[in-house]
Amino acid sequence: MFKSVRIIGSGLIGTSLGLALKAAGKMVQMEDIDPLNQKIASDLVKSISLDTPDLILIATPVEILKQLVLSQLSDNPSSIVCDLASVKSDLQVEVSKLSEKAKRYISLHPMAGRENSGAENARADLFDGRAWLAINNPSAKSVAHSFVEELVGLCNGSLYWLEAPEHDEIVARISHLPQILSSALAGELVQVSENHLNIAGQGLRDLTRLAKSNPKLWSEILILNQPHVLKALDSLLLSLNNLRIDLANKDLAKILDFLNLGVKGKNRIPGRLS
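Now for a description of the structure that goes with this document. (Residues numbered from 1 in each chain as written. Predicted model: local features only at pLDDT ≥ 70, side-chain atom pairs only at ≥ 80, totals over all residues. Heavy atoms only, no water.)

Quick notes on the packing of helix α1 (residues 12-23) against helix α2 (residues 35-45)
For the pair α1 and α2, interaxial distance at closest approach is 9 Å and the crossing angle is 20°. As judged from the angle between their axes, α1 and α2 are roughly parallel. Remark: the crossing between α1 and α2 carries right-handed chirality. For the pair α1 and α2, contact is made by Thr15, Gly18, Leu19 and Lys22 and by Ala41, Leu44 and Val45, respectively. Residue composition of the contact of α1 with α2, by class: 4 nonpolar, 2 polar and 1 charged. (Axes fitted to C-alpha atoms, helices over the stretch in contact; angles between N-to-C directions. Helix = DSSP H or I, 4+ residues; strand = E, 2+ residues; numbered from the N terminus. Parallel < 35°, antiparallel > 145°, perpendicular 65-115°, else oblique. Left-handed = near helix turned anticlockwise from the far one by under 90°. Contact = heavy atoms within 4.5 Å. Nonpolar A, V, L, I, M, F, W, Y, C, P; charged D, E, K, R; others polar.)

Printed below as a string of structure tokens:
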């Protein structure tokens, strides 16, 4: 069991983790390059200073993630280090080159979030019932696996082990594509008058909820996972183009097929609804 954890990155995910782990009785240190973010997170979590934490979790934007993972592994020779990035393949390759240091590293991705970012929107229960994706690292020590299993258990999550390319392909369909669709639909609303938006129902609000997510963060994620995102987009665009043709032809049977396939796909999603 780990007793202490340093969380680098005091945004929504990092601060929510800090709250969850503090509630579980762990010693938690919050860090962030932005002094205001760090103060908010530190006050919320009751952060303390740690010289040598058992576990280091890195929850920063992707452009500085690789550098932080490598430096934390080098500077903390007795700590287990995990990143929480949403795209994995390139980072996994870089860390695998570190030989002995790679034994203290496991890459994680909690499938949780909110449309409102920042430490002020953090919640200790953000990860309740959520999946955690972990990337197989055959060279990782057993203690690293034990820490990861404990971490996910303390957050009331479920742990799934994947290969890095498999992870990136899956999240393109179940995470990155929904973000694109929400943003695309919300972008169309710019052409709708405010009076007409006043009569919108809950369905529109539900479908455009993700459009409020951080554009800078998501643009970086989409670029990093470009090959898999393009493949998912191509599949969706083909489906929509076929629907357009069927609508133009007033082909009721094919339109029903399209909608029934949606019902089938929706019914396959298990677990928590919100």
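Remarks on the side chain of Gln72
Within the element layout of this structure, Gln72 appears in helix α3 (residues 62-75). For Gln72, a relative accessible area of 10% gives the class buried. Within polar-contact distance, the side chain of Gln72 engages the side chain of Asn76 at 3.0 Å. Setting aside residues up to four positions removed in sequence, Gln72 forms contacts with Arg6, Ile8, Ile56, Ile58 and Val81. (Buried < 20%, exposed > 50% of the residue type's maximum accessible area, 1.4 Å probe, protein only. Polar contact = N/O pair within 3.5 Å; in protein donor to acceptor, adjacent residues only side chain to side chain.)

Overview of the sheet that holds strand β1 (residues 4-8)
Read from one edge to the other, the open sheet built from 7 strands follows the order β2-β1-β3-β4-β5-β6-β7, with strand pairing classed as mixed. A single partner strand is all that each edge strand has here, and the edge strands are β2 (27-31) and β7 (158-162). For this sheet, the mean inter-axis angle between neighbouring strands, taken without regard to orientation, is 25°. Here helix α4 (residues 89-96) sits on the sheet in contact with β4 (80-83), β5 (105-110) and β6 (131-135), set at roughly 165° to β5. (Pairing = 2+ DSSP bridges.)

Concerning the packing of α3 against α4
It is at 11 Å that the axes of α3 and α4 come closest, and there the two elements cross at 25°. If you check the angle between α3 and α4, you find them roughly parallel. In this structure, α3 meets α4 at a crossing whose hand is right-handed. In this structure, α3 uses Leu65, Lys66, Val69, Leu70 and Leu73 to contact α4, whose residues at the interface are Leu91, Glu94 and Val95. Looking at the contact of α3 with α4 residue by residue, the class counts come to 6 nonpolar, no polar and 2 charged.

The quantities given are spatial measurements derived from coordinates; they are silent on function.
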